[in-house]
Amino acid sequence: MTVRTRFAPSPTGMLHIGGARTALYAWLYAQHCGGEFMLRIEDTDLQRSTDEAIQVILDGLSWLGLDWHGEPVFQGQRRAQHVQAIEKLLSSGQAYRCYCSKEELDAMRDEQRAQGKKPMYDGRCRHREDPSLDQPYVVRFRSPDDGETSLHDLVLDDVSFANRELDDLILMRSDGSPTYNLAVVVDDADMGITHVIRGSDHLNNTPRQIQLYEALGLPTPQFAHIPLIHGPDGAKMSKRHGAVAITEYREAGYLPDAVINYLVRLGWSHGDEEVFSREQLISLFDIHDVGKAAARFDQDKLDWLNGHYLRSSEPGELQAAVAMQLTSMGINISGGPDLAHVIAALQERSKNTVDMAEGARLFYQAPLSYDEKAVQKNFKEGAWPLLQDFLVRAEKLQDWDAVMLHALLGEVCEAHEAKLGKLAQPIRILISGCAVSPPIDMTLALLGKDEFIRRLQAGIRKLS
Ligand code: GLU
């Protein structure tokens, strides 16, 4: 049997950390088993589904490298199959038309409450003798009255539901639209899904879905309900905890590998290990090992992992992400130094690719202004003669590389009996506008001789 999993988001809100982790677990389990991972967009709620949310799902999954098999399935396009299944249940007597009006249902529930019972549909239309055919109706599933519906969940173990707690579910609304549980069952069966991996907020739907599989004579898949993610304060994850669209992590400078590594550990572990490559995850991850307890979101750990991946990546691997940040900052890198070299100089100090792009800015953009505080602090007496002397000697430097520049900086400082900072800081300010940059010799080597001279002369003109 080929394992087939799926991710089935509703594009009614933005795909965030929780949804991305569900997708990751379904993707990983499929990879682990040599199976297939499918994507189904559950867009039947036309009022609340948006194109923007669909785009975030597609972009977000692609960015994370969670590639799906074949084309995404759009649930809204499968209405005919849903209706067909409903008709099948109607003709076998496992579903029936319910003509109850809203008033009748309200009265029924009021009465149940008055008797201290849980309000639920009492099945009165199962045997209705006088259905008037021109009246609006819904189609209900004739669910079993007694016994239990049980499953062996791959995460939660054995779970049972008393059938008497489950009333006759509406399968089709009075406007003819099929409802959620019916559509999910029909689609999962048609797509050949063997393992339904989803958030534990769906557990209550599962007995209903199992009953529908049975009534339709379809094989029931295995289920794995994964615990929810809570914020650091233990409350359900919300925007305030960083439950933003997953693509915003890309914009904020996170690397997909760091996000993947972070997400996988929200509910799954392998000893005390924190850092896993994708290959390791595919070989180690098993849905049976996912814990039952809710995971807590931890921003510091995500940042730590991001720093780890930033430092351990090859500069070339970071190039596209940093270039994207520079472009969004309005910086054109053409004509400047090789971005991979700039990245190599910044890797040790950066926390994310936004940071890195900020650090890279000076190599592609002359300062538009100079940080006043830094100027006041670093341009005290003695700075100008040092700078002038360095400029004169630098102009004559043949080999413009970090080693030669290092030596030259040392020479000039020695001649003026000054510490390196007395020269390096003013240079940083003149070339970048502020007093922070990678090591000064490396910075100047990367910037290039002509650009250095241009910026120093312009700075001296403006500030001296
Ligand atoms: N569409 C549902 C959601 O976004 C998921 C359905 C499922 O996984 O079965 O929550």
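## Some points on the site of the ligand
Part 1 of the argument: In the vicinity of the ligand, the contacting residues are R6, A8, P9, S10, E42, Y180, R198 and H202.
Part 2 of the argument: H202 places a polar side-chain atom, nitrogen or oxygen, 2.8 Å from an oxygen atom of the ligand.
Part 3 of the argument: Look at the ligand: alone it shows 300 Å² of surface, and the protein chains cover 81% of it.
Part 4 of the argument: Tallied by class, the residues present in the shell around the ligand amount to 3 nonpolar, 2 polar and 3 charged.

## Brief notes about the environment of A215
Part 1 of the argument: Along the chain, A215 turns up in helix α6 (residues 206-216).
Part 2 of the argument: By relative accessible area, A215 is classed as buried at 16%.
Part 3 of the argument: Placed 126 residues apart in sequence, A215 and L89 show a C-alpha to C-alpha distance of 7.3 Å.
Part 4 of the argument: Ignoring sequence-local partners within four residues, the contact set of A215 consists of L89, Q94 and F141.

## Notes on the packing of helix α15 (residues 383-396) against helix α17 (residues 420-432)
Part 1 of the argument: Their axes nearest at 10 Å, the elements α15 and α17 cross at an angle of 75°. On the basis of their axis angle, the class for α15 and α17 is roughly perpendicular. Of α17, the residues touching α15 (which contributes A383, L386, L387 and F390) are K422, L423, P426, I427 and L430.

## Section: the environment of L133
Part 1 of the argument: Secondary-structure assignment places L133 in the loop between α4 (102-114) and β5 (138-141).
Part 2 of the argument: For L133, a relative accessible area of 70% translates into the label exposed.
Part 3 of the argument: Sequence spacing of L133 and R97 is 36 residues, and the spatial spacing of their C-alpha atoms is 9.9 Å.

## Remarks on the sheet that holds strand β8 (residues 170-172)
Part 1 of the argument: Here 3 strands make up an open sheet; going across it, the order is β4-β5-β8 and the pairing antiparallel. For this open sheet the edge positions go to β4 (95-98) and β8, each flanked by a neighbour on one side alone. Across the sheet, the axes of successive neighbouring strands diverge by a mean angle of 40°, strand direction being ignored.
Part 2 of the argument: As paired elements, β5 and β8 share 2 bridges and run antiparallel to each other. Across the sheet, R140 pairs through a bridge with I170, a residue of β8.

## With respect to the packing of aromatic side chains
Part 1 of the argument: Throughout the structure, instances matching the rule amount to 9 aromatic pairs.
Part 2 of the argument: With a centroid separation of 5.6 Å and 85° between ring planes, the pair formed by Y262 and F297 is classed as edge-to-face. Taken together, the residues span a long stretch of sequence, with Y262 in helix α8 (residues 256-264) and F297 in the loop between β12 (295-296) and α10 (299-312) at a distance of 35 residues.
Part 3 of the argument: Residue F297 is classed as buried on the basis of its relative accessible area, which comes to 2%.
Part 4 of the argument: An aromatic cluster is present here, built from Y25, W268, F276 and F285 joined pairwise through their rings.

## Topic: the packing of helix α16 (residues 402-415) against helix α18 (residues 440-447)
Part 1 of the argument: Their axes nearest at 8 Å, the elements α16 and α18 cross at an angle of 125°. Here α18 runs oblique to α16, going by the angle between their axes. The element α16 and its partner α18 pack so that their crossing is right-handed. Only I440, D441, M442, L444 and A445 of α18 make contact with α16, whose side of the interface consists of A402, L405, H406 and L409.
Part 2 of the argument: The class makeup of the residues in the contact of α16 with α18 is 7 nonpolar, 1 polar and 1 charged.

## Looking at the pairing of strand β9 (residues 195-199)
Part 1 of the argument: Across the 5 residues that make up β9, a large majority, 5, are buried.
Part 2 of the argument: Inspection of the sheet shows β9 paired to strand β10 (residues 222-226) by 5 bridges, in the parallel sense. Residue pairing in the sheet places R198 in a bridge with H225 of β10.
Part 3 of the argument: What joins β9 to β10 is α6, and the crossover it makes is right-handed.

## Re the pattern of salt bridges
Part 1 of the argument: Applying the stated rule across the entire model yields 28 salt bridges.
Part 2 of the argument: Across the salt bridge formed by E274 and K301, the nearest N and O atoms sit 3.1 Å from each other. Of this pair, E274 sits in the loop between α8 and α9 (278-284) while K301 sits in helix α10, and the two are 27 residues apart along the sequence.
Part 3 of the argument: Under the relative-accessibility criterion, E274 is labelled partly exposed at 24%.
Part 4 of the argument: Put simply, R455 and E451 hold a salt bridge, and the shortest N to O gap is 2.8 Å. On the criterion of helical spacing, the pair formed by R455 and E451 is a turn pair, its members being 4 residues apart in helix α19 (residues 449-463).

Calculation rules
- Residues numbered from 1 in each chain as written.
- Predicted model: local features only at pLDDT ≥ 70, side-chain atom pairs only at ≥ 80, totals over all residues.
- Heavy atoms only, no water.
- Near = heavy atom within 4 Å.
- Polar contact = N/O pair within 3.5 Å; in protein donor to acceptor, adjacent residues only side chain to side chain.
- Areas by Shrake-Rupley, 256 points an atom, 1.4 Å probe, with all protein chains shown as cover.
- Nonpolar A, V, L, I, M, F, W, Y, C, P; charged D, E, K, R; others polar.
- Helix = DSSP H or I, 4+ residues; strand = E, 2+ residues; numbered from the N terminus.
- Buried < 20%, exposed > 50% of the residue type's maximum accessible area, 1.4 Å probe, protein only.
- Contact = heavy atoms within 4.5 Å.
- Axes fitted to C-alpha atoms, helices over the stretch in contact; angles between N-to-C directions.
- Parallel < 35°, antiparallel > 145°, perpendicular 65-115°, else oblique.
- Pairing = 2+ DSSP bridges.
- Phe/Tyr/Trp six-rings, centres within 6.5 Å; stacked < 30°, edge-to-face > 60°.
- Left-handed = near helix turned anticlockwise from the far one by under 90°.
- Right-handed = clockwise from strand over helix to strand, strands pointing away.
- Salt bridge = Lys/Arg side-chain N within 4 Å of Asp/Glu carboxyl O.

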